[in-house]
Each structure stands twice: as C-alpha cells, then as structure tokens.
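Tertiary structure, described
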Amino acid sequence: MLDTAPAVRRPPGRRSSGRARPRRRPHLGPYLLIAPTVAVIAVLMFWPMIQIGIMSFQKVGNRQLRGEPAEQVGTENFEKILGDPFFWQTVKHTVLFAVVAVSLTLVVGTLVGLLLNKLGKRMSAFVAGGVMIAWATPPVTAAIIFSWLFGSTGGLVNWALDLLPDALVGGGWSDHNWFATPLSTYTVLTVCVVWQACPFIAVSVLAGLKSIPGELYEAARVDGSGPWRTFWSITYPMLKPIFLVLLVMSIIWDFKVFTQLFIMSGMANRDAFNLSLYAYSEAFGSLNPKLGMGSAIALVLTMILLVVTALYVRVMVRQGETE
Amino acid sequence: MTVGRPGRVVRKIILNGTGLLVFAVAVFPVFWMASTAFKPNTEIFSTTPKPLPLDPTLEHFDFVLNGRIAEVSFWEYFRNSALLAVVTVLVSSLLALTAATAVARFRFRFRTTFLIMLIVVQMVPLEALVIPLFLDLKSLNLLNSLGGLALVYIGFAVPFAIWMLRGFVAAVPRELEEAAAIDGAGPVRTFFTVLLPLVAPGLVATSIFSFITAWNEFIFAYTFLNDQDKYTLPIMLQFFFGRSGNAWGPIMAASTLLTIPVIAFFLLVQRRMVSGLTAGAVKG
C-alpha cells in the first residue's frame, strides 16, 4: 500500500543509503488508491455537469419525469432566457451582489486580519476565537438569524434605527419590511454573507502576515515609512498571492450564493432572484417543472464560474501548489 | 524599541477597543439567537428589545425537543441528520485517506491532473448540480432516501478532505515507513502501525469538516426528501416559518440546537481548516 516493496526486494548486501532515494516507479498502486475517489467524483460531479449541458438543449418536464424520453428543443431554452429581461435582471443581481459582497469581504476581512496581527497575543486569540464563531455558523442558521435581526416585528435593527435621530436615518422604521424590495433584501443578504465570510479572509491574511519577516518592517520604520506606505510597499506585495486566491474564492462563493437568499426571500419572491435561485425555481419551483430551462440557466452560471476557476487553477499551478 | 513613546498607551487602548468591537460584532448575531431562544414570547416581540432575557424560560426548547413538530419529533430529525453525517464522515474519510496517501506518497502520471480536478470540483456550483442529480437519483430509485443523500454528501466532502489530508500524509517522514518495512512489516501493517497513528489528527480535522458539510446541507435535502420522517434538522427549521407569522422562539431554540455542535466542532479544527484552504498560498 505504501510502496515499500522495492526496499524489501533489494538484495541484502546492497547499501540502500548509498544512492538517492529510488524514484518511485509508477505502477498500479496509486491508481488503485485514487480509483474510488475518481469514480465518486466522476459519477457525482462530472457526469451531472455534462448532463446540465445536455439537458439545457432539451425539454424536461412532468412527462419526462414520468419516464418519457426527453424532447430535443435545440437552442430554444437559451433563446428564451437570453431574450427575457427577467433573466438579465437575475444576472444583474448576481453580478452586483458579488461585486459588492466580495469587495466588502476583502476590505473588512483584511482590516480585521491586520488588526489581529497588531493585537497582543492573548487579545488576538480572543478576538480570532470570536470571529471564528461567525464563520462556523451554518448558512441556514445565519440566514435565519439575520432574518430575525431585520424582522419587521420585534426586529432589533428596526428598533435601533428608530432610536437614531430622524435627521440621520429618516423615520418610520418601526415596522419596516426589509424583504419588500430586492435592494433592501440584498442589503440584508450582503450583511449576512460578509459577516460570515470576513473571518476566513481575516485568518488567512493573519497567516500571511505572520510569514512576512519582521526585518522588512524594521527597515521600513528606519526609513521613516508610514503605515499606509508600509502596507502598499511591503504587506501588499508579500500577500499578493494569497489575496489572489482569496479574491477568486470569494468571487466563486458569492456568485453562487443560494441557501441564505432562499431562506430570507424564498421562491415566491421572484423580484429578488439571482441566477442560482432562478435556475432552481424553474426546475423545481412550480407544479410544472422545467428542468431543461433550469439547466440552461445553471449552465450559464457554471460557465462563468469555470472561467473564474480557470484563473484560480492558473494561480495555484504557478505557485507550485499542485506539485 | 519605542517603549515609553507618548501616545503608546492611547494607541494600545484604541487597538484593544477595536478588537473588542470586532469580537462583539462577530459574536453578536449568534448571541442574539441564543438569547432570544430563552425569552418568553412577550419579550421576543417587545417593542424595546432587551439584550438578555429578563424572565428566562425553557418553553421554546421544551416545545422543540418534546413537542411534535409537524408529524415527527425533533429526535427523529436529529437522528436523520446524525446518521447522514456519520455515514458521510466514515466513507469520505476512507476515500480521502487512500487518495491522499497516493498523492502524497507517489509520483504518477495524471497526479497533477487529479489535483487540478480536486480544485475544479470544489468550485462547481452545487446548486446547479441539484437538477441532474435529482434525475439521477430518481432513476436509481434513491430519491427520498437518506442513502441517496449520503452518496451526494460524500461526493461533496471528499475533494476538500483529500486536499486537507494530503499535507498530513506528506508530513509523516518516509524513513519511518522504510524502517518498518526493513523490520519486515508488510505495506498493510506499515499503514496501520506507522502512518495511521501519525495522520490521526489530520483525520479528525477532515472528519469534522465532512461532518459539518453533511450537517449543514440544506438545498439537496430540501429537494430530494419527501417524507417528513426522513427530513433533516435544517429542513425542520422550515416548519416554524408560518403564513400567520414566524414562531421566532422555537426557531431560535431549534437554530441554537443545530448551531452549537457545529461551532464547537469547528473551533476544534479551525487552524487546520485554514491551512487546508489556503495551503501554499502563503508561501509567496
């Protein structure tokens, strides 16, 4: 299993330390070890991805679910969605949300990471521990908690906004419904997602900061460099690889955000759909399921994410992470 | 050093104050959930919310744990969730351990391809896969079954588990295995007596990760399961959202019960999660 066979087979008289570690001969072993995983991933991930491609050119509805063969419809699904302003509205929601949420997450997360690095050891561990709690909260619960915080009756946020002077925030917050318009729904979603995602950015940045040699900062201080300057000429370039990875991961996560929006806004509230909720609702949202249409929408989302993933893989390969 | 520089104390106060503020913001929503769970309804819907329950009550927990939610009890949902999570952990850990051993111990053709595949599948929008997987499970007669769902969760958990575990396997010195081999231990015996004990901490970390994946999952369970007696805890939470207003007390009590084990587990392994997720990115 561990490929120790060559060492055993070696004749006893031969000095094994006399030469470099034998280059491990490619044989069946490793392939057998990864075979089950490859099978699982092929069946549960790659095949379904291909199916999305196939189904997006088909009509798959109730009759097909009962066992009738799928009907080929050519590019009809794509013509329908691309010509539909509603589709473009969901694209707009998806992209705008991702841009805002990713920027906020990265900026706030980095600031928290820098703070953790500046704090004393015990304080840093204490704050990091608290921050971890936000990260560890299940997405379902996070969405429920924020629905409650922003709830129209008994919600803490409305109560607090009502306490603030009207000149600052306007009046009439006491029973404000945050989930009435897409804009305010996405505001709550953004707060929820950023709250959960920042910790990961923060601890990753912290790990990166710890790896930067202290002499660099020493030198910068001797040269009279201020904090702003020091950040852009030392910290940022040193952390650039990690920022790239974090950026790509955040884009991917925020593009496909689903559970939180599903719980906050639900399938009945079409105005607030993003791409993944739209795909899901087409496929499962009504008594008349349109799995082909859903697949076509899902394919658009998958394509966008594959481009981003390709960027990510390039970064990882360039950093030698897959060596 | 600049000890005694004027303003240093002020600076320290500002830094620590900001730290406490960040801590408060991070913890507050979870605190508010737990606090609400212990409040009687009159306090939950009070026009002036209080941070802590004035008159703490266990009625919401009692309702969730002992009342009948819809047709089945909390403990059935709990059992389903736990069962799914345990099966996911066992199978995905086994797969991850074998694959991570291959990746960390052998150079073979397609090794890089395999690693890239692991990255790519972690980026796939799972929400998109729900459509084809629904049809696949249907044709295999695995819809509305915990077994079918476990299969899906294993597929989701394995790629990251391998990614995390391969570092642990690589960290075990090869000389130890070679020594065992020279002492006459076969590969299987070497695996169990040398490698396994040394990667055990990593295995715990990946297990908890797989556990959380299955425990938290919502949309696949929501889509694939029909019978109430098969529902999982995240699906159960949906029952408290009603047309005539939400039962926030029980929702918060149930959410607390769902969340606390996850947070506890997560805090155990977070350090390894971080290094698993950002592996190498820090090397510069």
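Chain A is annotated in an unreviewed UniProt entry as N,N'-diacetylchitobiose transport system permease protein from Actinomadura hallensis. The heading Sequence similarities (unreviewed entry) in the UniProt record of chain A holds the text "Belongs to the binding-protein-dependent transport system permease family."

1. Section: the overall build of chain A
When helices and strands are counted, chain A shows 15 helices and two strands. Taking all contacts inside chain A whose residues are at least 6 apart in sequence as the whole, residues at least 24 apart take part in 64%. Accessible area for chain A stands at about 15300 Å²; split by element, carbon and sulfur atoms hold 65% of it. Averaging the coordinates of the 26 positive side-chain charges in chain A and doing the same for the 17 negative ones gives two points 19 Å apart.

2. Overview of helix H8 (residues 174-182) of chain B
All of the buried residues along H8(B) are B:Glu177, B:Ala180 and B:Ala181. Viewed end-on, H8(B) has its buried residues packed into an arc of 100 degrees, placing them on one side of the element.

3. Structural notes on the pattern of salt bridges
Applying the stated rule across the entire model yields five salt bridges over all chains. Of the charged contacts, one joins A:Arg63 and A:Glu68 as a salt bridge, the two residues approaching to 3.2 Å between their closest N and O atoms. A:Arg63 gets classed as partly exposed once you look at its relative accessible area, which sits at 47%. Residue B:Lys230 pairs with B:Asp227 through a salt bridge whose shortest N-O separation is 3.3 Å. Residue B:Asp227 is classed as partly exposed on the basis of its relative accessible area, which comes to 33%.

4. Details of helix H3 (residues 59-66) of chain B
Where H3(B) is concerned, the buried positions are B:His60, B:Phe61 and B:Val64. Relative to the axis of H3(B), the buried residues are bounded by an arc of 95 degrees and lie together on one face.

5. Here's the deal with the interface of chain B and chain A
With 107 residues of chain B at the interface, the matching set in chain A holds 97 residues. For the pair chain B and chain A, the two sides together bury roughly 9300 Å², of which 79% comes from carbon and sulfur. The tally of links from chain B across to chain A stands at zero salt bridges. With 17 residues, helix H1 (residues 8-37) of chain B is the single largest residue contributor to the side of chain B that touches chain A.

6. Brief notes about the confidence of the model for chain B
Residues and elements named next belong to chain B. For chain B, the mean per-residue pLDDT works out to 85, and 91% of the residues sit at or above 70. No element of chain B has a lower mean pLDDT than strand S1 (residues 68-69), at 65, and none a higher one than helix H10 (residues 219-224), at 94. Our summary of model confidence lists the complex with pTM equal to 0.87 and ipTM equal to 0.87.

7. What about a positive patch on the surface?
A grouping of A:Lys118, B:Arg8, B:Arg11 and B:Lys12 is seen on the molecular surface, where their side chains present a positively charged patch. Here the element with the most residues in the positive patch is H1(B); it accounts for three residues. Its place among the elements puts B:Arg8 in helix H1.

8. Considering the UniProt feature "transmembrane region" (unreviewed entry) in chain A
Residue and element names in this part refer to chain A. UniProt tags residues 28-50, 95-116, 123-150, 186-209, 230-253 and 291-313 as "transmembrane region" (unreviewed entry). For residues 95-116, helix accounts for 100% and strand for 0%, while the C-alpha atoms at its two ends are 31 Å apart. Its end C-alpha atoms 31 Å apart, residues 123-150 is made of 89% helix and 0% strand.

Analysis parameters
- Residues numbered from 1 in each chain as written.
- Chains lettered and ligands numbered in written order.
- Predicted model: local features only at pLDDT ≥ 70, side-chain atom pairs only at ≥ 80, totals over all residues.
- Heavy atoms only, no water.
- UniProt positions renumbered as here; feature names shortened; annotations may be inferred.
- Helix = DSSP H or I, 4+ residues; strand = E, 2+ residues; numbered from the N terminus.
- Contact = heavy atoms within 4.5 Å.
- Areas by Shrake-Rupley, 256 points an atom, 1.4 Å probe, with all protein chains shown as cover.
- Lys, Arg positive; Asp, Glu negative; His and termini not counted.
- Charge placed at Lys NZ, Arg CZ, Asp CG, Glu CD.
- Buried < 20%, exposed > 50% of the residue type's maximum accessible area, 1.4 Å probe, protein only.
- Arc of directions from axis to C-beta.
- Salt bridge = Lys/Arg side-chain N within 4 Å of Asp/Glu carboxyl O.
- Buried area = accessible area lost by both parts, 1.4 Å probe.
- pLDDT = per-residue confidence, 0-100.
- Patch = residues over 30% accessible without salt bridge, like charges linked within 9 Å, V, L, I, M, F, W, Y side chains within 5 Å.

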